Amino acid sequence: MTTTANTTTAATTTTFALGSDLPVSRIGYGTMRLADAPAERYGSAAPIWRGPTDRTAAIALLRRAAELGVTLFDTADAYALGASEELIAEALHPYEGQVAVATKIGVVRPSPTEWVPLGHPAYLRQQAELALRRLRVERIDLLQLHRVDPQYPLADQIGALKRLQEEGKVRHIGLSEVSVEQIEEAEAITPVASVQNLYNLQTRDHEAVVEHTAARGIAFVPWFPIAMGAHAGADSPVAAVAAEIGATPSQVALAWQLHRSPNILPIPGTSSPAHLEENLGALRLALSDEQFRQIDG
């Protein structure tokens with residue numbers, strides 16, 4: 001449970017300084033679902049294997065997100081085997097001074113159904129080089145370790161990212177799906193700018209990570225942020241608060257995250273322009289402390 005001070009601060013803050021020097025919008029855009037055919041993008045079994053069949057619409061959506069004020073776009077080399085990074089470049093390059101692009105390395109895709117961590121330092125460096133080419137940049141704004149590979153010491157994996165940073169190819173380093181202990185181990189090697197973990201109203205296994213990152217000034221970037229499960233039922237607190245403030249349950253779920261802590265930066269993904277605008281509308285919602293407690297409880 002957060003303090004009243006945290007909820008008040010989060011409600012009035014629409015940007016966050018990533019790594020203390022890169023201001024980005026509190027609601028970003030996750031590009032994972034911009035892949036394959038539209039009918040194949042939904043559910044946990046979505047392949048995320050090829051570039052989007054509706055490429056023109058996908059590019060228009062990315063540009064619309066930027067027009068609406070989104071300045072943080074999240075992708076990964078594993079999304080459609082690099083096609084997601086190429087799509088961002090086609091839609092938004094050059095980015096300098098306009099948007100920040102975060103990408104991830106450290107997962108291989110042998111088939112449409114496999115996501116396999118691979119943390120060999122040489123492989124991580126190679127994937128970063130490929131990401132630089134696909135994104136058409138000389139320096140990646142935020143490079144995240146997609147998953148920790150238990151086959152290699154975390155120090156070696158973080159060391160590979162730190163070397164890239166020292167070479168001027170990476171501005172900030174982030175982690176994904178990690179514990180507090182792993183964050184602390186990484187911080188002993190290099191500053192950590194962000195942590196991207198699964199977190200939403202239904203799944204809150206990472207409360208300790210939220211607290212740790214908030215205390216350290218690290219961005220906490222929830223993926224799959226709108227999932228609500230039973231919290232979204234017709235008689236749920238989310239539905240009640242949504243009715244009170246004239247919002248949708250999805251907007252309230254995002255507003256809850258924004259109020260939870262000022263370092264939280266949700267990255268909802270969608271291929272619908274209407275849903276994109278709906279998601280960004282959460283930035284304008286003002287939850288009272290009582291409404292926040294209603295939802296949080």
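Residues numbered from 1 in each chain as written. Predicted model: local features only at pLDDT ≥ 70, side-chain atom pairs only at ≥ 80, totals over all residues. Heavy atoms only, no water.

### Examining helix 11 (residues 289-296)
For helix 11, every residue scored as buried is listed here: Gln 291, Phe 292, Ile 295 and Asp 296. Down the axis, helix 11 shows its buried residues gathered within 130 degrees of arc, on one side only. (Buried < 20%, exposed > 50% of the residue type's maximum accessible area, 1.4 Å probe, protein only. Helix = DSSP H or I, 4+ residues; strand = E, 2+ residues; numbered from the N terminus. Arc of directions from axis to C-beta.)

### Looking at unusual backbone geometry
The omega torsion across His 93 and Pro 94 is 0 degrees, close enough to zero to call that bond cis. Topologically, Pro 94 is positioned in the loop between helix 3 (83-92) and strand 5 (100-105). Within the chain, Ser 20 stands out as a residue other than glycine whose phi angle is a positive 75 degrees. Within the secondary structure, Ser 20 sits in the loop between strand 1 (15-18) and strand 2 (22-25). Positive phi is not limited to glycine here, since Ile 48 has a value of about 50 degrees. Positionally, Ile 48 belongs in the loop between strand 3 (29-30) and helix 2 (55-67).

### Regarding the pattern of salt bridges
Two side chains of opposite charge can pair, provided their charged atoms sit close to one another. Across all of its chains, the model carries 16 salt bridges by this definition. Among the ionic pairs, Glu 85 bridges to Arg 134, the shortest N-O distance being 2.6 Å. One end of the pair, Glu 85, is in helix 3; the other, Arg 134, is in helix 4 (residues 121-135), with 49 residues separating them in the sequence. The pair Glu 85 / Arg 134 is uniform in exposure class, with both members buried. In this structure, the salt-bridge partner of Glu 167 is Arg 163, at a minimum N-O distance of 3.3 Å. Its relative accessible area of 36% is what places Glu 167 among the partly exposed residues. Salt bridges linked by common partners bring Arg 125, Glu 129, Arg 163, Glu 167 and Lys 169 together as one network. (Salt bridge = Lys/Arg side-chain N within 4 Å of Asp/Glu carboxyl O.)

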